[in-house]
Structure formats: C-alpha cells, structure tokens
Amino acid sequence: MATEAHETGGATGYIVHHLTPLSVGEGFWTFHLDTLFFSAFLGFVFLIVFRMAALRVVTGVPGTLQNFAEMLVEFVDGQVKDAFHGKSAVIAPLSLSIFVWIWLMNFMDLIPVDLFPLIATSFGLEYLRVVPSTDLNATFGMSIAVFFLILFYSIKVKGPIGFAREMLLSPFGKWMIPFNLLLKLVEEFARPVSLALRLFGNMYAGELIFILIALLPWFIQPVLSFPWAVFHILIITLQAFIFMVLTIVYLSLAHEDH
Amino acid sequence: MSINATLIGQMITFALLVWFTMKFVWPPLMQAMEERQKKIADGLAAADKGKHEMELAEKRATALLRQAKEQAADIVSLAQKRAGELVEESKQTAKQEGDRMIVAAKAEIDREIQNTREGLRQQVATLAVTAAEQILQREVDQNRHREILDEFGKQLGQV
C-alpha cells in the first residue's frame, strides 16, 4: 500500500489520506460517518457481550464469559470503591462503559492501518479512519458528557446555593469573587478538555506512528511495528484506565464539599 | 479535525451505552457476584461450624467412651463382689444344711434308740413274766400283778 500511496500523493498524501475521516455534511453539520459507525458498533459489541454475560449469569461456578465480565466489573467496582465513598447507581456502570468502550475504540489502533481503508476503497469509500478515539469529537463527546454529570452532581449534592457559593467564594473568600469565579471556571472546564485531549493526543500520535511505520520499506516494518504494537497494548489500556479513573475522581469530588 | 455535529452523535451514543450498562449489565452481574460472595461466606461459616461440631462430638464420644469403660469396670467389680458373696452365701447355706441334717440324723438316731429300748423293755418284761411263770409253775393272775410288773418294767427302762 505504501508504494501505491507514494505514487498517488507521496508520503504526505498517504498520511493525510489515513487521517481524513469519512464525512458528510457542511460546516458544523458535518458527520464523521466512520467515527459514528465504529464507535456505535464497538459500543454494541460491548453491550452484546456484557448483556450475554449478564443474562447467563449464575451464582455458582461461572463460565468463561461470565468470568471475564465479572473480572472487569470487579476491577471497575474496586476502582470506584477506592475513590468514591458515596452511594451512586450511576458511577460504577458509567465507569465500566467508559473503560470498555474506550479500550475497544483504542484497540482499533492495533488493526493494520491499511486493512479497513483497503476494504472501504473496494466498496467505493474514499476515506476511512477506523480508530474513533483519534477523532476529537469522540473524545469530547465522552468528556463533555462526564462534564455535565459533574455539574449535575455538584448541584444535586451541594444544592444550587452551595454550588454557587463554592464557585464564588473559594479559594480566596468574598473579596475576590471575580477572581475566584475565573479560577473555578478554568478548573471546571480544564477537566473535560484535558480528559478529551489526553486520550485524543495519545491515540492520534500512536496511529500516526503506525502510519509512518507503514511508509517504511516492508522488511523494516515488522521490526518497528511489532514493538510499537506491543507497547500500544499497554497504551490503549492505560488511556482507557486513566479516563475512567479521572472520571471517578471528578465525580467523587463533585460529591464532596471542599 | 474540527469539532462538528459528530460530537452530538457521539454523546448520544455514549449516553445510550451508559444507560444500557446501568440498566441491564451492571445490576445482574453485581448481584450474581454478591450472591456468590454470600454463598462462599456461608459455606465457609458452615464448614467452620461443622468442624466445631465435629470437635464437640468427638469430645462427647470420648467422654461417653470413658464413662462406658468406667461403668463396665464398675459392673465387673460389682459382679466379682457379688460372686464372692454368693459363694460365701452358698457355703453358709451348705454348712447350715449340713448341720441341720446332722441334727435331724441325730434326732432320728435318738428316736430309733428310744424305740429299740422300748421294744427291748417290753420283750424283757414279757420274758420276765414268762420266766416268772415258768419259775412259779403256777397260774399267775396277770391283772393282779400288773402293778408289780409295771414297776419292774420301769426299773428296766431306767437301765
């Protein structure tokens, strides 16, 4: 594939081609079809697998699928219990969804970079970007949802007055209200932005390196792409884990008075 | 690269995902795990209890065994004592019986002697009368001399 790309548009053309999403629409109303499709598909896979595990659940000796699901559930539950001391029916399932979904989306990174675009080309689709988490829309979609949850719980737990007081009066007391508000706003908005950009940056960079490796002569590719892929197994898990843990931490902060 | 309407789609997908997980995935798995935890805890508790009960039963069995042994020993010693007593008793009885028999035999002998003596006395009296008859060569009125004869007989009895 690499040579073909060289012929058509050089290395730059190849990279740009791989990083351009399949999109319809104009301006803001552009939809990245590949991101939407793959993320929904992977979400569906996650739900199917876990729903099956949940349906066939037994209290006795668990099967392989149930074991796997329970392992993840227990892991997530342990993380939630470590960081979050209140009672909430939302946070633990939310964390599980985040962890598994992000992991699956990141996992698409490990599929050879040319495989799906090649298949797509044979169906007449010019562009295809298979890793949803290299799309800012996907990462911001999650982080903004988490942001709304943080706001919701802050207001719910502390009450509108308590929330307003926290926004206006901390950390410097009532004589510094504008400054306090500015600090607080930065603090609040930094959370979703950092969540989304961290995941996006890692995945985008990882994908870019896979694409760059794919540009090298074929006999060097395995030497580089194999270690990078192995390393990436760690990265995708770590990024999913970080996103989940930070979500738990932010939500538990929203539940506590400072 | 830019943020666009995909964001909205992603948020909807994410919300659905979380909702479904919250509703249909997390609770059954969690419940199963909690139930299993409880089951295991119960099982361990039951095992502990069973072990404890076994120890108790063992202790009880040992105690019972010891008691039974003691009882058996008691019974044996009692039986031995009783046997000794029985032997002693039967010895006593036998001795008594023997004594009694001896006394009876002695009485019998005495009576026999008495009878014999009586018989002899009568015979001697008769003999004496016969002898007197022969000596006197005369009819003797037995009725008239009864007194003398009785006297005679008595004197013979004293011999």
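Residues numbered from 1 in each chain as written. Chains lettered and ligands numbered in written order. Predicted model: local features only at pLDDT ≥ 70, side-chain atom pairs only at ≥ 80, totals over all residues. Heavy atoms only, no water.

Overview of the side chain of S39(A)
No. 1: Structurally, S39(A) is set in helix α2 (residues 33-55).
No. 2: Overall, S39(A) belongs to the buried group, its relative accessible area being 0%.
No. 3: Of note is the side chain of S39(A), whose polar atom sits 2.7 Å from the backbone oxygen of T35(A).
No. 4: Within the structure, the side chain of S39(A) is placed 2.7 Å from the side chain of Q10(B), a separation counted as a polar contact.
No. 5: Ignoring anything within four residues of it in the chain, the contact list for S39(A) reads W101(A), M105(A), P132(A) and Q10(B). (Helix = DSSP H or I, 4+ residues; strand = E, 2+ residues; numbered from the N terminus. Buried < 20%, exposed > 50% of the residue type's maximum accessible area, 1.4 Å probe, protein only. Polar contact = N/O pair within 3.5 Å; in protein donor to acceptor, adjacent residues only side chain to side chain. Contact = heavy atoms within 4.5 Å.)

Looking at the packing of helix α6 (residues 136-169) of chain A against helix α7 (residues 177-215) of chain A
All names here are of chain A.
No. 1: The geometry of α6 relative to α7 is characterised by a closest axis approach of 8 Å and an angle of 155 degrees between their N-to-C directions. Considering their axes alone, α6 and α7 lie roughly antiparallel with respect to each other. Considering only the axes of α6 and α7, their crossing is right-handed. (Axes fitted to C-alpha atoms, helices over the stretch in contact; angles between N-to-C directions. Parallel < 35°, antiparallel > 145°, perpendicular 65-115°, else oblique. Left-handed = near helix turned anticlockwise from the far one by under 90°.)

Section: the interface of chain A and chain B
No. 1: Facing the 52 residues of chain A at the interface are 30 residues of chain B.
No. 2: Both sides together, the interface formed by chain A and chain B hides about 3,600 Å², and carbon and sulfur atoms give 75% of it.
No. 3: For the chain A face of the interface with chain B, the top three residues by lost area are L47(A), T59(A) and N137(A), together amounting to 18%.
No. 4: Put simply, chain A and chain B have one salt bridge between them.
No. 5: Of the charged contacts in the structure, one is a salt bridge between E70(A) and R36(B), with a shortest N-O distance of 2.7 Å.
No. 6: Taken together, the links from chain A to chain B amount to 13 residue pairs in polar contact (both at pLDDT 80 or more). (Buried area = accessible area lost by both parts, 1.4 Å probe. Salt bridge = Lys/Arg side-chain N within 4 Å of Asp/Glu carboxyl O.)

A look at the side chain of H232(A)
No. 1: Within the secondary structure layout, H232(A) lies in helix α8 (residues 221-254).
No. 2: Leave out the neighbours within four places in its chain, and H232(A) touches D109(A), L110(A), M203(A), G206(A) and F210(A).

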